[in-house]
Amino acid sequence: MDISQDICSLDELKKNTKAVIQSVRDSNRPFMVTEQGKPGVIIIPANIMKSKLRALQAVCELSEV
């Protein structure tokens, strides 16, 4: 995540939702949305989330052994 590029306020997200989503897709990086100047949520590209979930599942399976 590049703090100078991959962050916006909730108001900016409301005004430019399509552009923010396209930016996340194009950059393939997470994007932080702030609420009242504080970190609120992070938008994560689906392929990264899928990869992280697979890795987490593998770790959980290993810990069951």
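About the thresholds
Residues numbered from 1 in each chain as written. Predicted model: local features only at pLDDT ≥ 70, side-chain atom pairs only at ≥ 80, totals over all residues. Heavy atoms only, no water. Helix = DSSP H or I, 4+ residues; strand = E, 2+ residues; numbered from the N terminus. Rg over C-alpha atoms; globule rule 2.2 N^0.38 Å. Buried < 20%, exposed > 50% of the residue type's maximum accessible area, 1.4 Å probe, protein only. Contact = heavy atoms within 4.5 Å. Lys, Arg positive; Asp, Glu negative; His and termini not counted. Charge placed at Lys NZ, Arg CZ, Asp CG, Glu CD.

S.K.: Let's hear about the overall build of the protein: which residues, and what values?
M.R.: What the protein contains, in helices and strands, is three helices and three strands. Here the protein has a C-alpha radius of gyration of 15 Å; the compact-globule value for 65 residues is 11 Å, and the former is much larger. Buried positions account for 15% of the 65 residues belonging to the protein. Residue pairs in contact within the protein that sit at least 24 positions apart in sequence constitute 40% of those at least 6 positions apart. Taking the average location of the 9 positive side-chain charges in the protein and that of its 8 negative ones, the two points are 5 Å from each other.

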